[in-house]
Every structure is written in C-alpha cells, then in structure tokens.
Amino acid sequence: MASTVHQRSLIALMMAIFVAGANAIDIFLEWNVTLDNTFKPVSQDQPVITINGMFPGPLINATTNDLVHVNVFNNMDEPLLFTWNGIQQRLNSWQDGVSGTNCPIQPGTNWTYVFQTKDQIGSFFYFPSINFQKAAGGFGPIRVNNRNVIAVPFPKPEAEFDFLIGDWYYDNYKLIRSRMHFNTVAFDGISDIMLMNGKGPFGHQLTKAYESFNVTKGKTYRFRISNVGNAMSFNFRIENHQMVLVETEGSYTNQITLDSLDVHVGQSYSVLVTADQNEADYYIVASPKLIGPASRSLVGVGVLHYSNSNTHVNGPLPTGPDPFDLDFSVNQAKSIRWNLTAGAARPNRQGSFNVTNVTLSQTFILQGSKAAIDGLPRYAINNVSYYTVDTPLKLADYFVNGSGVYNLDQFPVKTVNAAAAYGVSVVTGIHKGWIELVFMNNILDAVDSWHFDGFGFYVVGFGKGEWIPDLRNTYNLVDPVVRSTVQVYPGGWTAVYAFLDNPGMWNLRSQLSKNWFLGQELYVRVHDDDPNPAKERPPPDNLLLCGIFESHPPAGAPSPSPAPSTGR
C-alpha cells in the first residue's frame, strides 16, 4: 500500500513538472547598447551605458522555465559582454557572459544570448561584465515569476517595484579604469554619490530627478531591491515604515519584520511594505556601511509618496544602525533563514533539499587581498591575481582540453603565504559533489562580496578571526538560506556549501568592481565526461570565436549564422 501511494505521488510530481515545463514560453528581446554622453543621472559630464535609451536598462520579466533570447547590438566603441547575476544557466555556461566563457561582442556587431530561467524564481539583475563597464551603467532588473501551479507564500501585493541602488562615480569609467592600473590613489578611492534607479539623492545639488514611488494607504507593495553598485554595502530603510523580508536571489526566506536591511554589493532582496501611515511623503534611505560620518551625497535618498499626500518630506533623514556596528550586520545576516515550508520553482518544498547530513567532497579556503605585482596594484585570491587571457577558458576546455590557454589545478585552493603572482586560475569542481567554500577577509578593510555563477549556495556560517575546521560546529545546517552572493565582513569569514550538479566553466569572484577587474576571481571547472546534451549543452550555433581560434576555427566548431543586419 505504501509503495502504491509512493508511486502515485511520484506520478503526480512528474505530471506537475511536465505541465510546468509545457507552459514555458520564448521571450525575444532586442537591445541597442550605447555609450550616451547626454544621459546624465547627475549634473556631471560623463558617458552612461544605456540600453534602448534607458538607464537602468529594461526589465527582463520571465516565468520559471521560460527561454529568454536577448539580441545585443553593441553600439559602443569597445567590446561588451552581459552576465545574468544569479541566473544559474543550467547546463549552459556558454551563455554566462563573462570573459572565461564568452568571446566579447565587438563594436558594431550583435550577438544573441539564449538562456533558460530553469527551476528558478525571484529577484536578480544583469550588468556588463568586462572592461569595468558596470561603473558606467548597463545594468537592469530581472524578475523570474512563479508558475500559477506553485503557491507564493504571501498574499499578492498591490504592485511590485524594481529598485536598483548603488554607489556611482562622477569620473568617466574609462579614466578610472586607466588610473587603477597605475595609480594607488584611484585604487583606494571611494565612490562619489549613491543612485536610486539611476537617479541622484533627493535634495542633492547635482540631482536633476530623484526616485519616488506612489502608494495607496492600506495597500501592500513588493520592493525588489538590488545593490548594483561598485564598492559599498548599504543599509536600506523607509521612514516610519517596517518591511517584511520574503525573498533573496531566488529563495523564499522566513518572514521577519525589519526596520532596516543591509544589502551588500551584488545582492538582491524582496521586502513587503504596507502603506499604513498617515497620508504624507516619507524618506527612503540607503546609507553606506563602514563610511562615516557619511556625507549627504553618499546617502541615497528617495521618496515614498502616498496618493493623497499634500505633505512633502522635510527634516532630518531617519537614522539607521551605526554603520560601523558589524555585530548588528552579522546578527541580521544570521537571522535570514530559508523558509522550509514554502514551495520552490518546482512542485516541492524548499525544505525538500537540506544539508544536514551531506558528505563534503572538497573544501576551498579563499583569502581575498590587495597585492602589488611588478609594482602595479592588484587584487588576489590566495595570493594569485587572475590574468585574463584572450581565449575564453570554456572554448579552450571544449575544443583543446585547455591546452595552451590554462593549466588545470595550478591554483592553491587553501590560503598560502607566498608572494603574489599572476595566474590563469582554473580548478576542478567534482561533479555532483558537495563543496565547502570558506571566504576569508582578514586583510581588506571593506565588506567583501562573493558570487558563484551557475549555482545557489547554502550560507551555513559567519564568524570572526581565522577559520578552522572546528568552527563547523557553529554552522547552521538546519535552514541556511540559499543564494548566489554572500558578504564577508572585515576580520571575519563566511562559509557556504554548494552542490556541483551543473557542468560547465563557472566564475567565482568578488562582486566589488575594482576587486574583480584587478584579479579577484577564479574559475571552477565542473566536468562530466558523458556527452549526453542532457548533462551539458553543446556550443550554440552562433558561437563567437576569438583568441587562438579566431584565425583557425577548431574542428567541430559550429558555423555561426550570418549576423542579422542592423539596418544602419
């Protein structure tokens, strides 16, 4: 009898998966990407990367399992790539859009990304991944919605708002980029202002427009908040309003009520806000962490406007936690837990997956640091600063087994006490093994932020000082939240678990723009010898070739289709 019940449950589960997959659709987008010298988020002469004339760029609004086609026309004067922050690219690192997986889209040409929002829900964003271009814009929101057959663990809000917040430089990003290679002042410099959806702070002398959200008294709204900045974590709060945390980067969280929320570089959250105050206008604030006393320009300020309000915001900004109080930040981070009873993108509970009794196959202990190599400023992991080569690692791996481009497993996966050096860092990740990643930040004086393309990881622990194996006894293995970007506090460590079930060449990096640009990254090669495309997809038909393959295409490379005419 029990066996029959089990079989019926299995059949019902498979039917639900089939129905969910059958309802997936193709979404076709065309993006014209331009370096716009007239689009000024603040009154400064600087180029801004716009998409179809928009900054931030257009929303990608998909439902789980949809297939998204993005035809990118590069109208800039330098190569371009986009990456999809938190979208896991199941079996398909060919579409990941970083230097180790894709040849860049050259100026005056176009290329079409095709990726599936496979088995995901939640809040994400995209941005340009090379040449320090994220400091000039080009970012935008991604929503991945639930299928109707999957229940959402909170009532449908009145409306949803995409809220992209981040620190911004006044200088031309190309000037900053050139200075970073040679100038230690620019190397250590901080940003100039905080933008909210591409707009400067309310009341700032250089701001032409500020961000404002219209709400109706008694209604509840979902704010999808992303830190799209370059260097700064921030604390987010709305004057006189509390918020209920419900989701982060594709995971429903236990619903906790907060007065303010720390959001670190590269992270995304969803919060519910009920318009339950008197009809007036209220400040929305994002103030930087570890900066103080913060100048007004480094505090992002917007407005929550009640529909019948005749009262404008005035007076001091609402105060938040001490920006140097790391105990507050760590305790809040530990309180963000996975909602084990909520449904996931597939017809099962998030709690169907757990790490209570997993057997670890690998442990990487990764120390981020500043370095000087040949007298030039760099960032490093375990004293190795990643050196970007002309041939994407994924192409070299697929066609020539990496020969002539990289040597596998030369990177030290444990902290080392050695002089900093350049390296093309590629390490083996054991397919379908559990990996423990311990990120350490005992050298940098800022909150670091780490991201793993292709995977969501379980955030099992935070701690101070040096990590040692005995500290596994402090891990939360019951309900750790799953996400793709995690913060590492100065003088501390953060531990995560990831299940390496997604074959490909995957980028593991600091989300801080300078750190990443100057070498704080490596690649994890997760390989399965089975050529079955159900395990990993073959190269796309429109594969771009470059580096060692530009003049001599490798045997077996697809013949790219002619590029569509731009009509220009």
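Residues numbered from 1 in each chain as written. Predicted model: local features only at pLDDT ≥ 70, side-chain atom pairs only at ≥ 80, totals over all residues. Heavy atoms only, no water.

1. Observations regarding the overall build of the protein
This is how the line gets drawn: Helix and strand labels come from DSSP, where a helix needs a run of H or I of at least four residues and a strand needs a run of E of at least two; each type is numbered from the N terminus. In this treatment the radius of gyration is a C-alpha quantity, and the globule benchmark scales as 2.2 Å times the residue count to the 0.38 power. Each residue is placed in one exposure class: buried if its accessible area under a 1.4 Å probe, protein chains only, is under 20% of its type's maximum, exposed if it is over 50%, and partly exposed if it falls in between. Residue contacts follow a heavy-atom distance rule, with two residues in contact if any of their heavy atoms lie within 4.5 Å. To measure how exposed things are, a 1.4 Å probe is used in the Shrake-Rupley method; for residues, cover is taken only from the protein chains shown.
Helix and strand counts for the protein come out as six helices and 32 strands. For 568 residues, the compact-globule formula gives about 24 Å, and the C-alpha radius of gyration of the protein, at 23 Å, lands near that figure. Counting the 568 residues in the protein, one finds 57% classified as buried. Put simply, of all contacts in the protein between residues at least 6 apart along the chain, 78% involve residues at least 24 apart. For the protein, the exposed surface amounts to about 22500 Å²; the carbon and sulfur share of it is 51%.

2. Thoughts on helix α2 (residues 173-182)
For an α-helix, the turn length of 3.6 residues means that residues three or four places apart are oriented alike. We count it as follows: In this description, the arc belongs to the directions extending from the helix axis to the C-beta atoms. Here a polar contact means two N or O atoms within 3.5 Å. Within protein one must be a hydrogen donor candidate and the other an acceptor candidate, and residues neighboring in sequence count only if both atoms are side-chain atoms.
Three or more residues of α2 are buried, namely Y173, I176, R177 and M180. Buried residues in α2, looked at end-on, bunch into an arc of 100°, giving them a common side. Residue N172 occupies the N-cap position of α2, its side-chain oxygen lying 2.8 Å from the main-chain nitrogen of K174.

3. Comments concerning the sheet that holds strand β29 (residues 485-488)
Short version of the rule: Think of it this way: DSSP has to see at least two bridges between two strands before they count as a pair. The convention used is that axes are lines fitted to C-alpha atoms, helices contributing only their stretch in contact, and that angles between N-to-C directions extend from 0 to 180 degrees.
One open sheet holds the five strands; their spatial order is β24-β32-β31-β26-β29, and the pairing between them is mixed. Lying at the two open borders of the sheet, with one neighbouring strand each, are β24 (426-429) and β29. Across the sheet, the axes of successive neighbouring strands diverge by a mean angle of 25°, strand direction being ignored. Two strands pair when backbone bridges link them, and strand β26 (residues 448-452) and strand β31 (residues 504-510) are joined in this way by three bridges, in the antiparallel orientation. In the strand pairing of β31, W450 is matched with S510. Packed onto the sheet, helix α5 (residues 393-400) meets β24, β31 and β32 (521-526) and runs at close to 155° relative to β31.

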